[in-house]
Amino acid sequence: VLEWLRRRNGKGMHVIMLTVESDKNAVTSCLMLGAYDYILKSAGIVELLQRVSHACQGAALEAQQDNAKKRVEWKNFNILVVDDSPMNRKIITNRLRQLDLQIHVADNGRAALETLDQEHIDLVLLDA
């Protein structure tokens with residue numbers, strides 16, 4: 001999915017990888033493929049929300065630089081949560097809604113790609 005996103009969108013879309021995997025090679029691979037950030041699920045929801053806020057603020061600043069006359073408000077960003085676990089999707093989306101973000105969900109890579117073709121997405125939280 002990361003490779004497809006980079007081919008399609010260049011560096012414009014931020015992707016945060018969520019995983020239980022703590023292998024340094026996996027982290028390096030994801031970052032080399034273009035992930036903006038990488039977080040272990042065990043880090044907790046507070047850490048996840050902080051990372052999402054940081055990524056959205058960074059994306060808003062980038063968008064504002066590209067469009068100098070228009071203020072970009074990150075609170076209205078569209079977030080795609082991709083995870084095969086219904087419980088994880090529910091927990092993450094419920095907490096992200098507290099940040100006033102527009103949430104889209106997908107349960108696998110194929111569904112994520114379909115959503116990306118149909119919707120404007122600013123940030124992807126991708127289960128590795």
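Residues numbered from 1 in each chain as written. Predicted model: local features only at pLDDT ≥ 70, side-chain atom pairs only at ≥ 80, totals over all residues. Heavy atoms only, no water.

*Asks:* Sorry, what's going on with the overall build of the chain here?
*Replies:* Scanning the chain from terminus to terminus reveals five helices and five strands. Beginning at the N terminus, the succession of helices and strands in the chain can be written as α-β-α-β-α-β-α-β-α-β. Within the chain, the fraction of its 128 residues that count as buried is 41%. Residue pairs at least 24 apart in sequence account for 59% of intrachain contacts in the chain once pairs closer than 6 positions are excluded. (Helix = DSSP H or I, 4+ residues; strand = E, 2+ residues; numbered from the N terminus. Buried < 20%, exposed > 50% of the residue type's maximum accessible area, 1.4 Å probe, protein only. Contact = heavy atoms within 4.5 Å.)

*Asks:* What exactly am I supposed to notice about the environment of Leu101 here?
*Replies:* Note that Leu101 resides in the loop between α4 (86-96) and β4 (102-106). By relative accessible area, which is 5% here, Leu101 ends up buried. Along the chain, Leu101 and Ser53 lie 48 residues apart, while their C-alpha atoms are 9.9 Å from each other.

*Asks:* So what exactly am I meant to see when it comes to the nonpolar core here?
*Replies:* Nonpolar side chains in soluble globular proteins tend to end up buried together. Of all hydrophobic cores here, the largest spans 20 residues; its most connected members are Ile16, Val52, Ile79, Leu96, Leu101 and Leu125. Of all the elements in the fold, those that place two or more residues in this core are β1 (14-19), α3 (45-66), β3 (78-82), α4 and β5 (123-127). Counting residues per element, this core draws most heavily on α3, which supplies seven residues. In this structure, Ile79 is in contact with Cys56, Leu96, Leu101, Gln102, Ile103, His104, Leu123 and Leu125, ignoring residues within four places of it in sequence. Leu5, Cys30, Tyr38 and Val124 belong to the second-largest nonpolar core, a separate cluster that totals 17 residues. (Core = buried A, V, L, I, M, F, W, Y, C linked by side-chain atoms within 4.5 Å.)

*Asks:* I'm lost on the side chain of Asp83 in this one. Help?
*Replies:* Within the fold, Asp83 resides in the loop between β3 and α4. According to the relative accessible area criterion, Asp83 is buried, its value standing at 1%. Beyond its immediate stretch of four places on either side in the chain, Asp83 contacts Lys41, Asn88, Arg89, Ala106, Asp107 and Asp127.

*Asks:* Quick question: what am I supposed to make of the sheet that holds β3 here?
*Replies:* Note on sheets: strands pair through backbone hydrogen bonds, and any given pair is parallel or antiparallel. Reading across from one edge, β2-β1-β5-β3-β4 is the order of the five strands in this open sheet, with parallel pairing throughout. Every interior strand has two partners, whereas the edge strands, β2 (37-40) and β4, have only one. If you compare each strand with its neighbour and ignore which way they point, the axes differ by 20° on average. Here β1 runs beside β2; their pairing, made up of four bridges, is parallel. Paired with Leu18 across the two strands is Ile39, which belongs to β2. (Pairing = 2+ DSSP bridges. Axes fitted to C-alpha atoms, helices over the stretch in contact; angles between N-to-C directions.)

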